[in-house]
Amino acid sequence: MASSSSTQINQTTQVQSTTTPVSSLARRIHGWSWQAFPVGMGTGAVYVTLSGLRGRSPALIFVETAFYFLNIALFLLNSSTLLLQALLYPKQAWRLLQDPVKGIFVPLIVLSFATIIIGTINYAVPSGHVSPGFIYCMFWVYVAFALLTCFPMLMIWFNKPHDLTHFTPAYAFLVYPLQMLVGVVAFNVLKVMDPSDMRSVGVLLTGYFFQGLGFFMTFFYLCIYVIRADLCDNQTGFLDGHQANGAFVACGPPGFTALALINLGARAKEILSAHSLVSPMAGEIWYASSVLSGILLFGLAVFFFVFGVIPYWFKVHKNLKEILGCWALTFPNVGWIATLRVLGETFDLEGFFIIHMILATLMCITWAVLFVLTIVAFWRGLIFISKEEDVLKDSIFPTLEKDSTRAKDSFDSEKSMV
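Just so it is clear, the structure is predicted and the values come from calculations on it, not from any experiment.

The rules behind these values
Residues numbered from 1 in each chain as written. Predicted model: local features only at pLDDT ≥ 70, side-chain atom pairs only at ≥ 80, totals over all residues. Heavy atoms only, no water. Helix = DSSP H or I, 4+ residues; strand = E, 2+ residues; numbered from the N terminus. Buried < 20%, exposed > 50% of the residue type's maximum accessible area, 1.4 Å probe, protein only. Contact = heavy atoms within 4.5 Å. Areas by Shrake-Rupley, 256 points an atom, 1.4 Å probe, with all protein chains shown as cover. Phe/Tyr/Trp six-rings, centres within 6.5 Å; stacked < 30°, edge-to-face > 60°. Patch = residues over 30% accessible without salt bridge, like charges linked within 9 Å, V, L, I, M, F, W, Y side chains within 5 Å. Salt bridge = Lys/Arg side-chain N within 4 Å of Asp/Glu carboxyl O. Core = buried A, V, L, I, M, F, W, Y, C linked by side-chain atoms within 4.5 Å. Axes fitted to C-alpha atoms, helices over the stretch in contact; angles between N-to-C directions. Parallel < 35°, antiparallel > 145°, perpendicular 65-115°, else oblique. Left-handed = near helix turned anticlockwise from the far one by under 90°. Nonpolar A, V, L, I, M, F, W, Y, C, P; charged D, E, K, R; others polar. Arc of directions from axis to C-beta.

Enquirer: For the overall build of the chain, give the residues involved together with the corresponding values.
Expert: The number of helices and strands found in the chain is 17 helices and zero strands. By residue count, 50% of the 418 residues in the chain fall in the buried class. Across the chain, the fraction of contacts at a sequence separation of at least 24, relative to all contacts at a separation of at least 6, is 85%. In the form shown here, the chain has an accessible surface area of approximately 19,600 Å², with 69% of it arising from carbon and sulfur atoms.

Enquirer: An account of the packing of aromatic side chains is needed here, citing residue identities and associated values.
Expert: Using the criterion set out here, one finds 31 aromatic pairs in the structure. Their ring planes at 20 degrees and their centres at 4.4 Å tell us that Trp 32 and Phe 384 sit as a pair that is stacked. Placement of the pair is Trp 32 in the loop between α2 (24-31) and α3 (37-50) and Phe 384 in the loop between α15 (350-379) and α16 (388-393), with a sequence separation of 352 residues. Accessibility expressed as a relative area gives 8% for Trp 32, which makes it buried.

Enquirer: So what's going on with a nonpolar patch on the surface? Residues and values would help.
Expert: On the surface, Ile 354, Met 357, Ile 358, Leu 362, Ile 365, Val 369 and Leu 373 cluster together to form a nonpolar patch covering roughly 610 Å² of accessible area. Relative to the helices and strands, Leu 373 resides in helix α15.

Enquirer: So, the nonpolar core: which residues are in play, and what are the values?
Expert: Core analysis: the largest hydrophobic core is formed by 122 residues, its most contacted members being Tyr 142, Leu 181, Val 185 and Tyr 221. In this structure Leu 181 touches Leu 111, Ala 114, Ile 118, Tyr 142, Tyr 176 and Phe 256, once residues within four positions along its chain are discounted. Residues Val 22, Ala 26, Val 391 and Leu 392 belong to the second largest nonpolar core, which totals six residues.

Enquirer: Explain the packing of α3 against α15 residue by residue, including any values.
Expert: One way to put it is that α3 packs onto α15 with a least axis distance of 10 Å and a crossing angle of 155 degrees. Between α3 and α15, the interaxial angle falls into the category roughly antiparallel. Here α3 runs over α15; the crossing is left-handed. Packed against α3, whose contacting residues are Val 39, Gly 42, Thr 43, Ala 45, Val 46, Thr 49 and Leu 50, the element α15 presents His 356, Ala 360, Met 363, Cys 364, Trp 367 and Phe 371 at the interface. Here the contact of α3 with α15 is composed, by residue class, of nine nonpolar, four polar and no charged.

Enquirer: Describe unusual backbone geometry, naming the residues involved and giving the relevant values.
Expert: Here the phi dihedral of Asp 348 falls at roughly 55 degrees; this positive angle occurs in a residue that is not glycine. Looking at the element boundaries, Asp 348 is found in the loop between α14 (334-347) and α15. Of the residues examined, Asp 348 reaches a relative accessible area of 66% and is grouped as exposed.

Enquirer: How would you explain helix α5 (residues 90-98) if you had to name every residue and give the values?
Expert: The set of residues buried in α5 consists of Gln 92, Ala 93 and Leu 96. Seen end-on, α5 carries its buried residues on one side only, within an arc spanning 100 degrees.

Enquirer: Which residues make up the pattern of salt bridges, and what values go with them?
Expert: Two side chains of opposite charge can pair, provided their charged atoms sit close to one another. Within this structure, the stated rule accounts for seven salt bridges. The shortest N-O distance in the salt bridge between Arg 95 and Asp 394 comes to 3.1 Å. Taken together, the positions of Arg 95 in helix α5 and Asp 394 in the loop between α16 and α17 (398-417) put the pair 299 residues apart, joining distant regions of the chain. Accessibility expressed as a relative area gives 2% for Asp 394, which makes it buried.

Enquirer: For the environment of Leu 373, give the residues involved together with the corresponding values.
Expert: Accessibility expressed as a relative area gives 32% for Leu 373, which makes it partly exposed. Setting aside its immediate chain neighbours within four residues, Leu 373 contacts Leu 320 and Ile 323.

Enquirer: Any details on the packing of helix α11 (residues 252-275) against α14? Residues and values, ideally.
Expert: Between α11 and α14, whose axes approach to 7 Å, the crossing angle comes to 35 degrees. The crossing of α11 and α14 is left-handed. Contacts between α11 and α14 pair Gly 255, Phe 256, Ala 258, Leu 259, Ile 262 and Asn 263 from the former with Val 334, Gly 335, Trp 336, Ala 338, Thr 339, Val 342, Leu 343 and Thr 346 from the latter.

And the structure:
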């Protein structure tokens, strides 16, 4: 009897040794998602906001540069991991693209790339490491990247029905790269270009073109959001649960459009007069109308922020599994916060500079809290990880998958016998 038990234990040990367990790295790669990019965008939001402060000390610029390199590292980590996922688990990669919730985060890779371009303009061009000509080329790379990403995702998203009662402003992520940052990237690029350079006219007009296209598209999304809040049965006007984070996404379109219009108008005043385009007063008229439009949109952005922040603590789920959604507290708000500083400069309002400094400090505190909680959630295996059976099911090595599954079933059988 003892000999029989010993034989069974030996067989069990042999089966266990032939089992091919799924490594934690494989589970991480399979479980990675496009929702990782808001972490990098939130990091970029910190140095974009801090760069607008007056009288920046060398120590502060060093901190901004550190956030810039951290953003690059996060971008490379997310992009390389998702590339590995597409190569090793193509079924999972395609599933994420078609997912009605996770799929809307795909265009955020373009926004994350845009924050890197802005950081390069702020920190690499002044030091002479990057030339304005290179930045000009990167602008067109960004525009092409945005078009090649947004339109296919829009086709995938519009090819499926969607329930109005579950609509959130986060659906506007599908056109965010066109709306939020083409104009913003454009005026940053124009800061390092000579106004007399004919290429600056192309950047200016492209910035206005795509900023208008993107804003009106996202404005339609915001209209649906307001209709959902007011008219849907059995729904409150405030978003609940994980959707409560999406309320802050509504601040992005009007806030970034206000920021882009005012700054593009300031560049237009120099560029149009340098090339004698339209009329002698065209630059001044464009600038004045851009400032007026920016103020109107700034007010709308502040309203959406207040509409989202008042009920936030009572509506959001306090669960680390949903920590990634909380990063919406950072990057969508950069637009209207940065507009505060621009309006302060335009109208010489000292109060706006003070409010901007306070909000920039709160942005840094928010980033620190979210970054720590995200690391904790990652360490506990609450985010970016898949079950072993899901990894085996999507493996591109079917033979290995069968052998692993067969060995595991045999091991379980032998274990129950023992």
